[in-house]
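Analysis of the macromolecular model
Next come the chains, spelled out residue by residue.
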Amino acid sequence: MIARLFVMFAAVALVATSVEAQTGVDTQRCPPGTVNGFGVPDQARASQDACQKAIDLFQYMAPQLGTAIAGGNPTLGQGGNLGGLGHFSAGLRVNVLQGSLPQVQNVTPAVSGATSTRFETKDQYLPMPTADLAIGVFKGLPLALTNVGGIDLLLSASYVPEFNNSGVSVKVPNGSLKLGYGARVGILQESLLVPGIAVSYLVRDLPTLNIAGANGNDSLYVNNLDLKTKAWRVTASKSLLLFGLAAGFGQDKYDASTDVAAHVAARTVPPSPAANAGPVSISQNLTRTNIFADLSVNLLLFKLNAEIGQVSGGTINTFNTFSGKQAADSRLYGSVGARFGF
């Protein structure tokens, strides 16, 4: 399932640019080129439409990938801090985004220059498995029925396997495992009568990827793909014997960068020369609001957790258009997992 997500990511990431207000063609990265006296375009004109479509497709898909990595609550089902040294929580989860995949196989780039196209999209659930660990560091200061100012260390891990199938290969030059880190500061530690409330900050990254793809005689290379997510959260939780409830809100920041290159084979109808693009270094940035709610089932030392959340905000304008959800529209996501702690 993860491999399928990166296959789509490779298919659309021919060239990317910073996510800024852009309603026309990016002529700086996708020059218009010329047509000679025989009606044959030069390399720039032959590749301009493919270049612009790739920019828009990257902008459409990158925020979905960022949300799948970031998720919601840093520790599913928990709002406050753990209670100091000797306390910990370890869990496995799968974040699942309700995404949309552009049907790129139904669109053939024009060789006569940039042309605005409406991409049909298909609803697709996009999964991302992660592991989480929280370690109590400081219990906090006692105050009536609770403690305030407790501190937890937060760690996470994302795993992406290498993949090679259907003309697309995904390599992880620095290893398939990527660790995340952060901290949580308790406002109130949960007790019999008091809910747990805390503020947290967590960095979750994607392992560095090298992606190569081929479609006929056309080739695509996406190297050193790096995507970082930074998220702050305010969370609250309360255990009710068998069940537990938690909710929170916060903000996500997605930062992506990569080096891309491509080869577009010559066409005979209409006639156009072979064209090469890149390598070029590019980046993308987006900030979104995140809200979520959790439900837990308490089974002695284990807790089963489920979460539903939504991200929204940011502006992404594209030259090409998409059916259904647009690039910056709100997105629903969910998480399921199990957590063990003391």
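Side chains of Leu 240, Leu 241, Leu 242, Phe 243, Leu 245, Leu 295, Leu 299, Leu 300, Leu 301, Phe 302 and Leu 304 sit close together on the surface and give an oily, nonpolar patch of about 1200 Å² of accessible area. Residue assignment for the nonpolar patch shows that the elements contributing at least two residues are strand S13 (243-264), strand S16 (275-299) and strand S17 (302-312). By secondary structure assignment, the location of Phe 243 is in strand S13.

In this section: the pairing of strand S1 (residues 88-102). The pairing of S1 with strand S3 (residues 121-138) spans 15 bridges and is antiparallel. By the bridge assignment, Val 94 is partnered in S3 with Pro 129. The sheet contact formed by S1 and strand S19 (residues 331-341) spans 9 bridges and is antiparallel. Bridge pairing in S19 places Asn 95 opposite Ser 335.

With that settled, the discussion passes to the packing of aromatic side chains. With the rule as written, the count across this model stands at 5 aromatic pairs. Relative to Phe 322, the ring of Tyr 60 lies with its centre 4.2 Å away and its plane at 20 degrees, an arrangement referred to as stacked. Linking Tyr 60 in helix H2 (residues 43-70) with Phe 322 in strand S18 (residues 321-322), this pair joins segments that are 262 residues apart in sequence. The same class applies to Tyr 60 and to Phe 322, which are both buried. Summarising the aromatic geometry, the rings of Phe 119 and Phe 322 are spaced 5.6 Å apart at their centres and angled 20 degrees between planes, so their arrangement reads as stacked. Taken together, the positions of Phe 119 in strand S2 (residues 118-119) and Phe 322 in strand S18 put the pair 203 residues apart, joining distant regions of the chain. The exposure class of Phe 119 is buried, given its relative accessible area of 2%. Aromatic rings pair up to connect Tyr 60, Phe 119 and Phe 322 into one cluster.

Glancing now at the pattern of salt bridges. In this structure the tally under the stated criterion is 7 salt bridges. A salt bridge links Arg 93 to Asp 132; the nearest nitrogen and oxygen atoms lie 2.7 Å apart. Of this pair, Arg 93 sits in strand S1 while Asp 132 sits in strand S3; the two residues are 39 residues apart in sequence, bridging distant segments of the chain. Since its relative accessible area comes to 11%, Asp 132 is described here as buried. For the salt bridge of Asp 252 with Arg 233, the shortest nitrogen-to-oxygen distance reads 2.7 Å. Within this pair, whereas Asp 252 is found in strand S13, its partner Arg 233 is found in strand S12 (residues 218-240), the two being separated by 19 residues in sequence. The network of salt bridges with shared partners includes Arg 93, Asp 132 and Arg 204.

For the coordinates displayed, the defined rule picks out 3 cavities of 30 Å³ or more. By volume, the largest cavity is sized at about 110 Å³. What lines the largest cavity is a set of 17 residues, and nearest its centre among them are Pro 74, Thr 75, Leu 76, Arg 93 and Asp 132. Elements with a minimum of two residues in the lining of the largest cavity: S1, S3, strand S6 (151-159), strand S10 (196-205) and S19.

Time to look at the nonpolar core. Within soluble globular proteins, side chains that are nonpolar generally end up buried alongside one another. Tyr 60, Tyr 254, Ile 316, Phe 322 and Tyr 333 are the most contacted members of the largest nonpolar core, which totals 17 residues. The element best represented in this core is H2, accounting for 4 residues. Residues contacting Tyr 254, with those up to four places away along its chain left out, are Pro 63, Gly 66, Thr 67, Ala 70, Lys 228, Thr 229, Gln 284, Asn 285, Leu 286, Arg 288 and Val 311. With 16 residues, the next largest nonpolar core counts Ala 62, Ile 69, Val 160 and Val 170 among its residues.

Phi at Ala 144 is positive, roughly 50 degrees, even though this residue is not glycine. Mapping Ala 144 onto the fold places it in the loop between strand S4 (141-143) and strand S5 (146-148). Of note in the backbone geometry, Leu 241 takes a positive phi value of approximately 60 degrees without being a glycine. A relative accessible area of 80% means that Leu 241 is categorised as exposed.

Mean pLDDT for the protein chain: 82, with 77% of residues reaching 70 or above. Per-element averaging of pLDDT across the protein chain places helix H1 (residues 2-12) at the bottom with 49 and S17 at the top with 96. Counting interchain partners and residues more than four positions distant, the pLDDT-below-50 stretch residues 1-7 has 20 contacts. Taken together, the stretch residues 10-23 has pLDDT below 50 and engages in 57 contacts with residues farther than four places along the chain or on a different chain.

For the second largest pocket, the calculated volume is near 580 Å³. As for the second largest pocket, its lining consists of 25 residues, and the residues nearest its centre are Gln 78, Leu 82, Glu 190, Lys 303 and Arg 339. Those elements that place two or more of their residues in the lining of the second largest pocket are S1, S12, S13, S16 and S19. A class-by-class count of the residues in the lining of the second largest pocket yields 7 nonpolar, 14 polar and 4 charged.

Thresholds, definitions, all that
- Residues numbered from 1 in each chain as written.
- Predicted model: local features only at pLDDT ≥ 70, side-chain atom pairs only at ≥ 80, totals over all residues.
- Heavy atoms only, no water.
- Patch = residues over 30% accessible without salt bridge, like charges linked within 9 Å, V, L, I, M, F, W, Y side chains within 5 Å.
- Areas by Shrake-Rupley, 256 points an atom, 1.4 Å probe, with all protein chains shown as cover.
- Salt bridge = Lys/Arg side-chain N within 4 Å of Asp/Glu carboxyl O.
- Helix = DSSP H or I, 4+ residues; strand = E, 2+ residues; numbered from the N terminus.
- Pairing = 2+ DSSP bridges.
- Phe/Tyr/Trp six-rings, centres within 6.5 Å; stacked < 30°, edge-to-face > 60°.
- Buried < 20%, exposed > 50% of the residue type's maximum accessible area, 1.4 Å probe, protein only.
- 1 Å grid on protein atoms, 1.4 Å probe; cavity = no way out; pocket = protein on both sides within 12 Å on 5 of 7 lines; lining within 4 Å.
- Points joined across faces, edges and corners; volume = space filled by probe spheres on them.
- Core = buried A, V, L, I, M, F, W, Y, C linked by side-chain atoms within 4.5 Å.
- Contact = heavy atoms within 4.5 Å.
- pLDDT = per-residue confidence, 0-100.
- Nonpolar A, V, L, I, M, F, W, Y, C, P; charged D, E, K, R; others polar.

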